[in-house]
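Given next are the chains, with one letter for each unit.
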Amino acid sequence: MKVEVSYRKKLQQLKAHEMEKEGMGSEGAVPQRTTKDIQRGKPLNPELVEAAAAVASSLPLNKQQTESELLAQLRRHEETTDRQRKGGTINIRNVLSEMAVKRQSPAQRGVRVSNRISLELDEDGQRIKPERLSPQSFDSRSLKRGRRLNIFAKASPETENALKTVSLPTIWDLEFAKEIAAITAQPPRNGFEEMIQWTKEGILWEYPIDNEAGMEDDAEFHEHIFLDKHLEGFPKQGPIRHFMELVICGLSKNPYLSVKQKVEHIEWFQKYFEEKKEFLQEI
Amino acid sequence: EEIVLPRKKTWDKLAVLQTLASTVKRDPTAAHYMFQDDPFLIPRNAASFRLFSLSKESGRNAAKFIIKQFPQYFDKTFSEPNIPCLMPETLTPQIEGVSEEALKERIHLRMVKESVDLFDQLLQAGSPVSLETTNSLLDLLCFYGDGEPTPEKQEEEKQDLEETEVNASEQKAPKRQVQRGLQAAGSRENNNAERIFKIMPERNAHSYCTMIRGMVKHGAPAKAHDMYIELLNERHKADVHTFNALITAIPYLKERFLERWELAKVFLNHMAQQDVQPNLLTFNALLKTLRRCGGVGRNTAISVIKEMEALGIEPSLATYDHLLSIFYRGVDLHSSGIISEVLNDVEKRNFTPQDPDDANFFVTAMQVCCDLKDIKLAYQLNKAMEKGDNWKFLDVDRLNVYWSRFFSLLCMMEQIDVVLKWYKEMSPSLFYPTPKNILDLLQALDAANHLEMIPSVWEDMKQLGFSKKKLLALMSREQHPEEVQLVFARCAEDIRAVQEQTRREQAALDWSSSMLGSVVLLFSRAGRTQDAWTMMERFQQISRIPTGEVMDEFLNCAVRTNCPDEAIKLVKLAASLGLPSSQRLKSRTEKEFELSEKQKTTLGSIKSDGDSSDSDSDSDSD
């Protein structure tokens with residue numbers, strides 16, 4: 001598998017460099033080579049210098065300049081290596097985590113699945129135990145410190161308002177709202193809470209008690225009771241007036257009719273008496 | 001002088017009641033308000049609590065069902081003003097005929113099958129259905145996933161912790177057939193939603209979005225992803241809910257942790273490109289997916305939180321719950337850094353529910369405190385829970401789990417008087433101790449040498465209905481002052497009575513040898529020789545052998561109470577069982593008792609056959 005081969009090669013190179021390093025008598029830490037080709041040490045390897053000189057001489061350009069440029073480049077390489085070597089083991093970890101491990105056979109997959117349940121398998125497919133660095137790195141983890149993902153940008157107020165143009169709530173929205181409301185809906189803990197719940201449902205009267213609750217009536221009470229003003233079309237004396245005053249009295253006590261209906265009653269009487277006027281005159 | 005009339009104050013209709021309710025505190029000696037009707041029906045342990053509260057709900061639902069089934073008997077309105085929620089609902093569609101209006105009405109009434117039939121009829125008749133109506137039909141189908149909305153059923157078999165079953169009065173909505181949908185995921189090949197989607201002449205973004213959401217909900221994540229790709233190909237924009245659904249489906253789309261995270265980033269980037277603003281639920285869905293990403297989740301969760309902060313989205317309890325699960329579950333972690341920060345944030349705020357997973361926070365947090373064995377964090381968490389309305393996030397099941405974990409932690413970490421104070425306050429009015437809690441309590445009592453409290457604990461345990469074995473073992477382990485022993489003996493007697501009541505014929509078989517031994521010890525130490533002897537006889541019935549300690553103790557008791565007959569019987573028993581200690585017992589009896597001549601001869605005649613181990617004439621075969 002390609003990846004495995006390249007990994008093996010890398011390991012070999014690392015080992016080779018290490019051995020050569022030791023051969024040159026430098027520090028014992030495993031050197032991390034980011035560039036594979038050039039050997040280095042402190043100070044610059046005399047072989048390198050020779051090689052640079054040879055290159056410079058083979059090129060038709062200004063020998064001195066070329067040579068100094070090459071040597072400067074080598075030095076730069078060396079410095080970067082040193083810097084990166086300081087962050088030694090972590091780089092290896094990066095290297096390892098970047099590598100894709102080939103998918104194993106089903107047998108191994110089964111083992112992997114069961115390992116997922118165990119605590120030791122930290123990253124899937126890679127049998128790496130929970131980081132040995134983890135105790136320290138964990139304690140340094142905090143919700144206050146950290147970099148954000150930087151994927152989103154904060155919406156400006158105009159876009160926010162534009163987004164607020166709501167369409168009709170769909171069934172998804174309604175059901176979600178119900179689900180959310182059901183989270184904190186606990187059974188009442190005492191009688192008052194039960195009454196609160198009943199009031200919300202409409203089972204209980206609302207305090208302070210309003211005895212006109214639920215009644216839709218456009219008119220005020222005085223329009224029901226003081227119906228005298230509708231008697232203007234009738235004669236001021238006589239049995240008709242007497243009769244109509246009794247009618248008014250009854251209507252004012254009637255809670256079941258609306259004002260309109262009462263006025264219609266009176267008007268009916270008015271019409272009736274108008275029609276029968278001729279008969280009444282005869283009497 | 002001007003008289004300035006103060007402006008009239010208008011109060012909310014609930015103001016008076018809320019004020020009154022705030023004056024009432026919890027009574028630690030009473031059961032929950034739900035049960036203060038009939039003392040016989042007050043539950044004694046967690047299981048019956050659940051059962052009774054569910055049955056109360058199911059009674060209400062049965063009544064609603066009757067009203068719904070027979071509306072013709074409930075048409076008189078007595079109350080003025082009318083109470084609509086107690087009256088039968090009119091759910092029959094008014095508009096007849098095959099028309100788009102009729103279809104809209106049926107969709108509104110959530111009649112799935114009729115809507116689909118009507119839609120087909122409309123198409124066959126050749127009259128086109130508008131895009132909007134088709135979209136709302138798709139919404140209906142995708143939400144209910146080809147099933148019908150069923151009336152809520154509060155049977156105990158169907159319960160799992162996610163659903164707030166006790167509060168079904170709030171749930172007029174039918175239960176979602178999620179489990180059925182998941183199982184029927186394979187059968188969604190020819191379902192109506194997809195069929196209608198395919199025959200739509202034109203589709204807009206909404207159609208795609210609702211299909212994606214339906215597929216994710218009913219367990220077809222791969223199809224949802226395909227549909228999303230289709231949506232992208234058609235150059236539509238998905239809305240935030242669709243993205244949330246896709247993010248929740250990620251664990252089903254990819255296996256490896258890194259791939260999951262990569263896919264999540266893909267979705268998030270698409271959101272940014274399509275100018276869709278993420279909301280709280282987006283990030284909660286992301287964290288929920290990261291819960292299933294192991295180490296990758298741990299590395300990336302904090303940057304997700306930072307992103308939320310940068311966008312000005314306040315985390316909800318579900319966010320914190322996911323965080324705690326990412327960092328503390330399944331990992332051997334002993335750092336309390338993250339959880340202290342979480343608690344510091346939580347205790348400052350009064351939360352409102354925003355995510356269905358909010359309800360899990362307190363339980364998870366308490367579990368983490370128990371794992372970390374940190375009592376201070378637990379106190380902090382408890383204070384946060386009692387602040388304002390935060391207690392409402394714990395429904396009855398979660399409440400019990402929360403408190404039992406808290407109590408275990410208390411027993412482990414706190415002084416005994418603090419533990420007892422909490423115990424008296426909290427149980428049984430707020431929670432019912434689990435067997436583990438009782439054992440922890442007993443261990444705490446043991447550690448603090450307060451074993452005289454055990455009889456009162458036993459009283460509680462009797463009500464809770466737990467096993468008596470460990471209790472007996474604890475009681476009989478050591479010698480105790482006289483009064484304590486007497487009380488212990490009474491406990492033992494209670495236990496024996498209970499044990500033997502259960503199955504008359506086979507009462508003896510319920511005993512184990514350790515339990516029997518403990519009971520004998522307790523009786524012996526309290527000087528109840530007769531009772532002790534009755535229990536000794538049981539040993540033969542269960543074919544077990546009493547330990548040397550038990551027999552010695554019995555002999556001591558016999559000496560104290562001056563019952564040489566019992567002692568002789570003991571020696572006989574030991575001999576018949578072929579015990580090596582019978583010789584020792586025999587000599588002890590001879591030494592410590594004032595034996596009559598007859599007794600001496602009886603004693604002498606008992607042969608201790610250490611060799612022959614088969615049972616002799618004394619043993620009864622039951």
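Residues numbered from 1 in each chain as written. Chains lettered and ligands numbered in written order. Predicted model: local features only at pLDDT ≥ 70, side-chain atom pairs only at ≥ 80, totals over all residues. Heavy atoms only, no water.

Right, let's get into the overall build of chain B. Counting secondary structure elements, chain B contains 29 helices and 0 strands. Per-residue burial for chain B yields a buried fraction of 48% across its 622 residues. Contacts spanning at least 24 positions in sequence make up 67% of the contacts within chain B whose residues lie at least 6 apart. As displayed, chain B offers around 31,200 Å² of accessible surface, 52% of which is attributable to carbon and sulfur atoms. (Helix = DSSP H or I, 4+ residues; strand = E, 2+ residues; numbered from the N terminus. Buried < 20%, exposed > 50% of the residue type's maximum accessible area, 1.4 Å probe, protein only. Contact = heavy atoms within 4.5 Å. Areas by Shrake-Rupley, 256 points an atom, 1.4 Å probe, with all protein chains shown as cover.)

What follows deals with the overall build of chain A. Regarding its fold elements, chain A presents 13 helices and 0 strands. Here chain A holds 283 residues, and 25% of them are scored as buried. Taking all contacts inside chain A whose residues are at least 6 apart in sequence as the whole, residues at least 24 apart take part in 42%. Accessible area of chain A: about 20,400 Å², with a carbon and sulfur share of 57%.

All names here are of chain A. With 54% of its residues at a pLDDT of 70 or more, chain A shows a mean pLDDT of 69. For chain A, helix H5 (residues 106-117) is the element with the lowest average pLDDT, namely 46, and helix H9 (residues 191-201) is the one with the highest, namely 92. Confidence over residues 103-108 falls short of pLDDT 50; this stretch has 7 contacts with residues more than four positions distant or in other chains. Ignoring residues within four places in sequence, the model shows residues 125-137, a span with pLDDT below 50, making 25 contacts including any to other chains. (pLDDT = per-residue confidence, 0-100.)

With that settled, consider the environment of B:Thr602. Along the chain, the position of B:Thr602 falls in helix H29 (residues 597-605). Once the C-alpha coordinates of B:Thr602 and B:Lys569 are considered, the two residues, 33 residues apart in sequence, prove to be 9.8 Å apart.

In the structure shown here, the tally under the stated rule is 20 salt bridges over all chains. Residue B:Arg291 is joined to B:Asp321 by a salt bridge in which the shortest nitrogen-to-oxygen separation is 3.6 Å. Of this pair, B:Arg291 sits in helix H12 (residues 280-291) while B:Asp321 sits in helix H14 (residues 317-328), and the two are 30 residues apart along the sequence. When its relative accessible area of 37% is taken as the criterion, B:Arg291 is described as partly exposed. Salt-bridge contacts for B:Lys392 lead to B:Asp389; the nearest nitrogen and oxygen are separated by 3.9 Å. Overall, B:Lys392 belongs to the partly exposed group, its relative accessible area being 25%. Here the residues in one salt-bridge network are A:Glu175, A:Lys178 and B:Arg110, joined through shared partners. (Salt bridge = Lys/Arg side-chain N within 4 Å of Asp/Glu carboxyl O.)

Turning to the layout of surface pockets, a few remarks are in order. Counted as a void, the second largest pocket has a volume near 1,700 Å³. Around the second largest pocket, the lining comprises 49 residues; the ones closest to its centre are A:Pro187, A:Arg189, A:Glu193, B:Trp391 and B:Lys392. With 5 residues, H9(A) is the single largest residue contributor to the lining of the second largest pocket. For the lining of the second largest pocket, the per-class residue count stands at 25 nonpolar, 12 polar and 12 charged. In this structure, the lining of the second largest pocket is formed jointly by two domains, domain 2 (278-394) and domain 3 (398-460) of chain B, each of which donates at least three residues. (1 Å grid on protein atoms, 1.4 Å probe; cavity = no way out; pocket = protein on both sides within 12 Å on 5 of 7 lines; lining within 4 Å. Points joined across faces, edges and corners; volume = space filled by probe spheres on them. Nonpolar A, V, L, I, M, F, W, Y, C, P; charged D, E, K, R; others polar. Domains from an automatic or database assignment.)

All names here are of chain B. Taking the numbering used here, the UniProt-annotated feature "repeat: PPR" (unreviewed entry) corresponds to residues 204-238 and 279-315. The distance from the first to the last C-alpha atom of residues 204-238 is 10 Å, and the span holds 74% helix and 0% strand. For the annotated span residues 279-315, helix accounts for 81% and strand for 0% of the residues, and the straight-line distance between the end C-alpha atoms is 10 Å. (UniProt positions renumbered as here; feature names shortened; annotations may be inferred.)

Let's shift gears to helix H11 (residues 238-252) of chain A. With 15 residues, H11(A) extends 21 Å from end C-alpha to end C-alpha; this agrees with the ideal 21 Å at 1.5 Å per step. Buried residues along H11(A) sit in contact with helix H12 (259-275) and helix H13 (277-282) of chain A. (Expected span 1.5 Å × (residues − 1).)

The next subject is the side chain of B:His218. All names here are of chain B. Topologically, His 218 is positioned in the loop between helix H8 (205-217) and helix H9 (221-233). On the basis of relative accessible area, His 218 is assigned to the buried category, the value being 2%. Of the polar contacts made by the side chain of His 218, one reaches the backbone oxygen of Cys 142; its length is 3.1 Å. (Polar contact = N/O pair within 3.5 Å; in protein donor to acceptor, adjacent residues only side chain to side chain.)

A separate point is a negative patch on the surface. A surface patch of like charges, here negative, comprises A:Asp210, A:Glu212, A:Glu216, A:Asp217, A:Asp218 and A:Glu220. Its place among the elements puts A:Glu212 in the loop between H9 and helix H10 (221-225). (Patch = residues over 30% accessible without salt bridge, like charges linked within 9 Å, V, L, I, M, F, W, Y side chains within 5 Å. Lys, Arg positive; Asp, Glu negative; His and termini not counted. Charge placed at Lys NZ, Arg CZ, Asp CG, Glu CD.)

Right, let's get into the interface of chain A and chain B. On the chain B side, the residues contacting the 62 residues of chain A number 86 residues. Where chain A abuts chain B, roughly 6,900 Å² becomes buried across the two surfaces, and 64% of that area is made up of carbon and sulfur atoms. Linking chain A with chain B are 2 salt bridges. One salt bridge in this structure joins A:Glu175 and B:Arg110, with 2.4 Å as the shortest N-O distance. Counting every contact that joins chain A to chain B gives 5 residue pairs in polar contact (both at pLDDT 80 or more). Looking at the side of chain A that touches chain B, the elements that each hand over two or more residues are helix H6 (134-139), helix H8 (171-183) and H9 of chain A. Looking at which element gives the most residues to the side of chain A that touches chain B, the answer is H8(A), with 11 residues. Among the residues making up the side of chain A that touches chain B, the classes are represented as 26 nonpolar, 14 polar and 22 charged. (Buried area = accessible area lost by both parts, 1.4 Å probe.)

Before going further, it helps to examine the packing of helix H3 (residues 100-108) of chain B against helix H5 (residues 131-144) of chain B. Residues and elements named next belong to chain B. The N-to-C vectors of H3 and H5 enclose an angle of 30°; their axes lie 10 Å apart at closest approach. The orientation of H3 relative to H5 falls into the category roughly parallel. For H3 against H5, the interelement crossing comes out left-handed. The segment H3 lies against H5, with Glu 100, Leu 103, Lys 104 and Ile 107 engaging Thr 133, Ser 136, Leu 137 and Leu 140. Broken down by class, the residue content of the contact of H3 with H5 amounts to 4 nonpolar, 2 polar and 2 charged. (Axes fitted to C-alpha atoms, helices over the stretch in contact; angles between N-to-C directions. Parallel < 35°, antiparallel > 145°, perpendicular 65-115°, else oblique. Left-handed = near helix turned anticlockwise from the far one by under 90°.)

Turning our attention to a nonpolar patch on the surface. Together, A:Trp205, A:Tyr207, A:Ile209, B:Val16 and B:Leu20 make up a nonpolar patch on the protein surface, roughly 430 Å² of accessible area in all. With respect to the helices and strands, B:Val16 occurs in helix H1 (residues 15-23). Given the relative accessible area of 42%, B:Val16 is considered partly exposed.

Okay, unusual backbone geometry next. Residue and element names in this part refer to chain B. In the Ramachandran plot, Asp 275 falls in the positive-phi region, its phi being about 65° despite a non-glycine side chain. Note that Asp 275 resides in the loop between helix H11 (257-273) and H12. Phi is positive for Lys 373, which is not a glycine, with a value near 55°. If you trace the backbone, Lys 373 turns up in the loop between helix H16 (361-372) and helix H17 (375-386). What makes Lys 373 partly exposed here is its relative accessible area of 45%.

This part covers the side chain of A:Arg241. Residue and element names in this part refer to chain A. Of note, Arg 241 is situated in helix H11. Overall, Arg 241 belongs to the buried group, its relative accessible area being 17%. Discounting residues that sit within four places of it in the chain, Arg 241 has contacts with Leu 231, Phe 234, Pro 235 and Lys 236.

Turning to the environment of B:Asn562, a few remarks are in order. Among the secondary structure elements, B:Asn562 is positioned in the loop between helix H26 (548-561) and helix H27 (564-576). A residue is classified by how much of its surface remains accessible, and B:Asn562, at 56% relative accessible area, is exposed.

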